[in-house]
Amino acid sequence: MFSGQDRRGRLVELQHELRRAQAATPALMAKVVAGACSRLTLPSGAAKAAKIDRLIELEAWTEAALALVELELPQWRLRRLVCEEGVWLCSLSKQWNLPAWLSDSAEARHESLPLAILSALIEARQAAEPLPRPAVRSVPQCGVGPASPVEVMCCDNFA
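Residues numbered from 1 in each chain as written. Predicted model: local features only at pLDDT ≥ 70, side-chain atom pairs only at ≥ 80, totals over all residues. Heavy atoms only, no water.

Asker: How should I be thinking about the nonpolar core in this particular structure?
Answerer: A general trend in soluble globular proteins is that nonpolar side chains are found buried together. Formed by 38 residues in total, the largest nonpolar core has its most connected members in Leu68 and Leu118. Elements with a contribution of two residues or more to this core: helix 1 (7-20), helix 2 (26-36), helix 3 (46-57), helix 4 (61-72), strand 2 (87-93), strand 3 (105-110) and helix 5 (113-128). Examining the composition of this core, we find that 9 residues originate from one element, helix 5, more than from any other. Residues in contact with Leu118, not counting those within four places in the same chain, are Leu18, Met29, Val32, Ala65 and Leu68. (Core = buried A, V, L, I, M, F, W, Y, C linked by side-chain atoms within 4.5 Å. Buried < 20%, exposed > 50% of the residue type's maximum accessible area, 1.4 Å probe, protein only. Helix = DSSP H or I, 4+ residues; strand = E, 2+ residues; numbered from the N terminus. Contact = heavy atoms within 4.5 Å.)

Asker: Would you take a moment to explain the packing of helix 1 against helix 2 for this structure?
Answerer: Two numbers describe a pair of packed helices, the interaxial angle and the distance between the axes. Across the interface, helix 1 lies against helix 2 with an axial gap of 10 Å and an inter-helix angle of 160°. Regarding the angle of helix 1 to helix 2, the classification is roughly antiparallel. As for how helix 1 packs across helix 2, the hand of that crossing is left-handed. In this structure, helix 1 uses Arg7, Arg10, Leu11, Leu14, Glu17 and Leu18 to contact helix 2, whose residues at the interface are Leu28, Lys31, Val32, Gly35 and Ala36. Within the contact of helix 1 with helix 2, the residues separate by chemical class into 6 nonpolar, 1 polar and 4 charged. (Axes fitted to C-alpha atoms, helices over the stretch in contact; angles between N-to-C directions. Parallel < 35°, antiparallel > 145°, perpendicular 65-115°, else oblique. Left-handed = near helix turned anticlockwise from the far one by under 90°. Nonpolar A, V, L, I, M, F, W, Y, C, P; charged D, E, K, R; others polar.)

Asker: For this particular structure, what's the right way to read the sheet that holds strand 2?
Answerer: Two orientations exist for strands paired in a sheet by backbone hydrogen bonds: parallel and antiparallel. The sheet built from 3 strands is open, its strands ordered 1-2-3 with antiparallel pairing. Looking along the sheet, the strands with just one partner apiece sit at the ends: strand 1 (77-84) and strand 3. Strand-to-strand twist in this sheet, taken as the mean axis angle between neighbours without regard to direction, amounts to 15°. Pairing of strand 2 with strand 3, which is carried by 6 bridges, proceeds in the antiparallel orientation. Note on strand 3: the bridge partner recorded for Ser93 is Ser105. (Pairing = 2+ DSSP bridges.)

Asker: Teacher, can you tell me more about the pattern of salt bridges here?
Answerer: A side chain of one charge can pair with a side chain of the opposite charge if their charged atoms are brought near each other. Scanning the entire structure with this criterion turns up 6 salt bridges. Between Glu17 and Lys31 there is a salt bridge; the shortest N-O distance is 2.9 Å. Here Glu17, found in helix 1, pairs with Lys31, found in helix 2; they are 14 residues apart in sequence, far enough to count as distant. A relative accessible area of 27% means that Lys31 is categorised as partly exposed. The partner of Glu84 in a salt bridge is Arg80, and the shortest N-O contact between them spans 3.2 Å. (Salt bridge = Lys/Arg side-chain N within 4 Å of Asp/Glu carboxyl O.)

Asker: Help me out: how do you make sense of the environment of Leu55 in this one?
Answerer: Relative to the helices and strands, Leu55 resides in helix 3. Taking the C-alpha atoms as reference, Leu55 lies 9.2 Å from Ala65; in sequence the two are 10 residues apart. With sequence-adjacent residues up to four places away left out, Leu55 is seen in contact with Ala60, Glu63, Ala64 and Ala67.

Asker: What should I look at first to understand helix 1 in this one?
Answerer: For the α-helix, the turn length of 3.6 residues means that residues three or four positions removed from each other point alike. With 14 residues, helix 1 ought to run about 20 Å at 1.5 Å a step, and its terminal C-alpha atoms sit 20 Å apart, in line with that. Residues Leu11, Leu14, Gln15, Glu17 and Leu18 constitute the buried set of helix 1. Projection of helix 1 onto a plane perpendicular to its axis shows the buried side chains occupying an angular sector of 165°, all on one side. Residues of helix 1 that are exposed and point more than 90 degrees away from the buried face comprise Arg19 and Arg20. (Expected span 1.5 Å × (residues − 1). Arc of directions from axis to C-beta.)

Asker: What am I meant to see in the pairing of strand 1 here?
Answerer: Looking along a regular strand, one sees the side chains alternate between the two faces of the sheet. Bridging between strand 1 and strand 2 involves 7 bridges; their strand directions are antiparallel. Bridging across to strand 2, Arg77 finds its partner in Ser93. In textbook terms, the turn of a hairpin is the stretch between consecutive antiparallel strands, and for strand 1 and strand 2 this stretch comprises 2 residues, one of which, Glu85, has a positive phi near 55°.

Written out as C-alpha cells, the structure is:
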C-alpha cells in the first residue's frame, strides 16, 4: 500500500490522495486506516474498531470519519464544521475553549464532508509527529579544511 516510507512520508502521501479524491470509498478509507490509524489494533479499541468497520460497510462515511477522529485523536475535539460556498471546512482543536488563534488546531477543506474530516485528522497526525532532529553536538565544531583560512586558538584561562 505504502512503498517503504517513513510515517511522515505516508501521511503526506495520504493527504495528497485525499485532496485528489472526489468522494469517500471503501478503498480510500482502508488506506486512511492503514496509513494514519494506530489505535484500531489495540485491544482497548476493539469495540470502537468494530463500530468503525460497520460504518464503513454501511458507507456512512461522515460517521466513520468522526468515529476515527474520536478514536485516534482522543485529545482533539471537533471545533468547527461549516460549508462555505460548496467547500467544507473542518477544524480540530486540542483546546476547544481557547480562541482559535491560541490553540493547536488542524484545519482542512474539501468539497466532500467526510474527506474534509479525514484531511483534518491527517493534518492533526502530522502536527503530532515529531520532526526529525539534526544531530546536536555538545561541543561546537569549527570547519578546518584546506580551503578555509581558519586558525584554531585555545581561549581557556588557565590562571
